[in-house]
Amino acid sequence: MPKPKRYELSREQWMRVEDLLPGRAGDPGRSGADNLTFVNGVLWVLRSGAHWHDLPERYGKWKSVHKRFTRWAKAGVWERVFAHLIADPDNDYVSLDSSLVRAHQQAATGKGGGQKGGAGSGAFQRRTDDQDPYGRRCARPPAQVDPHAGAARRRTTRPSPPRRPFPRRVLADKAYDSNSLRCLIASMGAEAVIPCNPTRKQSIPYDFEAYKVRNTIERCFNKLKHFRRIATRFDRRAVHFLAFIQIAAALLWMR
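Residues numbered from 1 in each chain as written. Predicted model: local features only at pLDDT ≥ 70, side-chain atom pairs only at ≥ 80, totals over all residues. Heavy atoms only, no water.

### What about the packing of aromatic side chains?
Logical step 1: Tallied over the full model, the rule gives 8 aromatic pairs.
Logical step 2: Between the aromatic rings of Trp52 and Phe69, the centroid separation amounts to 5.4 Å while the plane-to-plane angle is 45°, which identifies the pairing as tilted. Pair noted here: Trp52 is in the loop between helix 2 (35–48) and helix 3 (62–75) and Phe69 is in helix 3, with a separation of 17 residues, a long-range link. In terms of burial, Trp52 and Phe69 fall into one category: buried.
Logical step 3: An angle of 25° between the planes, with centres 4.6 Å apart, marks the rings of Phe69 and Phe244 as stacked. Here Phe69 is found in helix 3, whereas its partner Phe244 is found in helix 10 (residues 238–254), with 175 residues between them in sequence. The exposure classification of Phe69 matches that of Phe244, with both residues buried. (Phe/Tyr/Trp six-rings, centres within 6.5 Å; stacked < 30°, edge-to-face > 60°. Helix = DSSP H or I, 4+ residues; strand = E, 2+ residues; numbered from the N terminus. Buried < 20%, exposed > 50% of the residue type's maximum accessible area, 1.4 Å probe, protein only.)

### Things to note about the pairing of strand 4 (residues 169–172)
Logical step 1: Because side chains alternate across strand 4, one face comprises the buried residues Arg169 and Leu171, and the other comprises Val170 and Ala172, equally buried.
Logical step 2: Here strand 4 runs beside strand 5 (residues 191–193); their pairing, made up of 3 bridges, is parallel. Its bridge partner being in strand 5, Arg169 is matched across the sheet by Glu191.
Logical step 3: One crossover worth recording links strand 4 to the parallel strand 5 by way of helix 6 (residues 179–187), and it is right-handed. (Pairing = 2+ DSSP bridges. Right-handed = clockwise from strand over helix to strand, strands pointing away.)

### Notes on empty space enclosed by the protein
Logical step 1: By the definition in use, this model includes 4 cavities of 30 Å³ or more.
Logical step 2: Volume-wise, the largest cavity comes out at about 140 Å³.
Logical step 3: What lines the largest cavity is a set of 13 residues, among which Val17, Val39, Trp78, Val81 and Ile247 lie closest to the centre.
Logical step 4: Every element with two or more residues in the lining of the largest cavity is listed here: helix 2, helix 4 (77–86) and helix 10. (1 Å grid on protein atoms, 1.4 Å probe; cavity = no way out; pocket = protein on both sides within 12 Å on 5 of 7 lines; lining within 4 Å. Points joined across faces, edges and corners; volume = space filled by probe spheres on them.)

### Here's the deal with the pattern of salt bridges
Logical step 1: Tallied over the full model, the rule gives 11 salt bridges.
Logical step 2: Residue Glu8 pairs with Arg58 through a salt bridge whose shortest N-O separation is 3.9 Å. Here Glu8 is found in the segment before helix 1 (11–17), whereas its partner Arg58 is found in the loop between helix 2 and helix 3, with 50 residues between them in sequence.
Logical step 3: Since its relative accessible area comes to 18%, Glu8 is described here as buried.
Logical step 4: The partly exposed category is assigned to Arg58, whose relative accessible area is 44%.
Logical step 5: Salt-bridge contacts for Arg214 lead to Asp97; the nearest nitrogen and oxygen are separated by 3.1 Å. One end of the pair, Arg214, is in the loop between helix 7 (208–211) and helix 8 (215–224); the other, Asp97, is in strand 1 (residues 93–103), and 117 residues separate them in sequence.
Logical step 6: Taken together, the shared-partner salt bridges in this structure form one network comprising Asp92, Arg168, Arg169, Glu191 and Asp207. (Salt bridge = Lys/Arg side-chain N within 4 Å of Asp/Glu carboxyl O.)

### Notes on the confidence of the model for the protein chain
Logical step 1: Scored by pLDDT, the protein chain comes out at a mean of 78, with 70% of its residues at no less than 70.
Logical step 2: The element-level mean pLDDT for the protein chain is lowest in strand 2 (residues 125–131), coming to 39, with helix 3 highest at 96.
Logical step 3: Confidence drops under pLDDT 50 across residues 120–136; counting only partners more than four residues distant or on other chains, this segment forms 93 contacts.
Logical step 4: Of the regions scoring below 50 in pLDDT, residues 139–163 engages in 45 contacts with residues more than four places distant in sequence or in other chains. (pLDDT = per-residue confidence, 0-100. Contact = heavy atoms within 4.5 Å.)

### Thoughts on the pairing of strand 1
Logical step 1: Within strand 1, 9 of the 11 residues are buried, which leaves the element mostly enclosed by the surrounding structure.
Logical step 2: Relative to strand 4, strand 1 runs parallel, the two sharing 4 bridges. Opposite Tyr93, over in strand 4, you have Arg169 as the bridge partner.

### Considerations on the nonpolar core
Logical step 1: Residues Leu9, Phe38, Val42, Leu46, Phe69 and Trp78 are the most contacted members of the largest nonpolar core, which totals 42 residues.
Logical step 2: Those elements that provide at least two residues to this core are helix 1, helix 2, helix 3, helix 4, helix 8 and helix 10.
Logical step 3: In terms of residues, this core owes the most to one element, helix 10, which gives 11 residues.
Logical step 4: Residues within four places of Phe69 in sequence aside, it is in contact with Phe38, Val42, Trp52, Trp78, His240, Ala243, Phe244 and Ile247.
Logical step 5: Val170, Tyr176, Leu184 and Ala190 belong to the second largest nonpolar core, which has 11 residues in total. (Core = buried A, V, L, I, M, F, W, Y, C linked by side-chain atoms within 4.5 Å.)

Shown next, in the form of structure tokens:
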């Protein structure tokens, strides 16, 4: 395997994900044509933030690469790869926080706007939520949503099959201090490590020592925004934007 160019996977990284991708020999359906070249092409777009039609020819025809990226995103391939990389039965905690991502004007012109999963006309900011040091779980709730309400909705309306025991602690800042979120965390058998909002009449104690590591989520957002496709949202559809976040988080996890 030749030395990877800038933005491409190293040999060690490729060996960790190669068998997780569709199109392998023996899989049902059509075999994938050079998965490594395709994945490196997606990484080039992710890191550079360039238009798909500016994709260098060495990665193949841009329309084919884009179509395949979309197909994998809708099929949950990127999410499954990420979930496999972070599987850890000994995980002690997750961190919950949110960050604003400015959407480029080209992301606000999709037909149907927010009703079709796009950024929506006039919507120049979107919120991305991420959990744990290097993105244990990623989601993109609508803009202008209370953080604790969004967290509760993701857990209650879109449950996913448990892949591993839920961590013992959930770390979040005081913006997430709500009775509904605390009850939800308790129902999962975890401890809420959340400082009380000043408006709460009766203070609730929390593990201050455990809370000290909550800053890992801030560092995670900082690293994710080194990827230009994420720092500014160019994608009209939420499924594409979320797929790029999953890929970037997977890369951070493999470092």
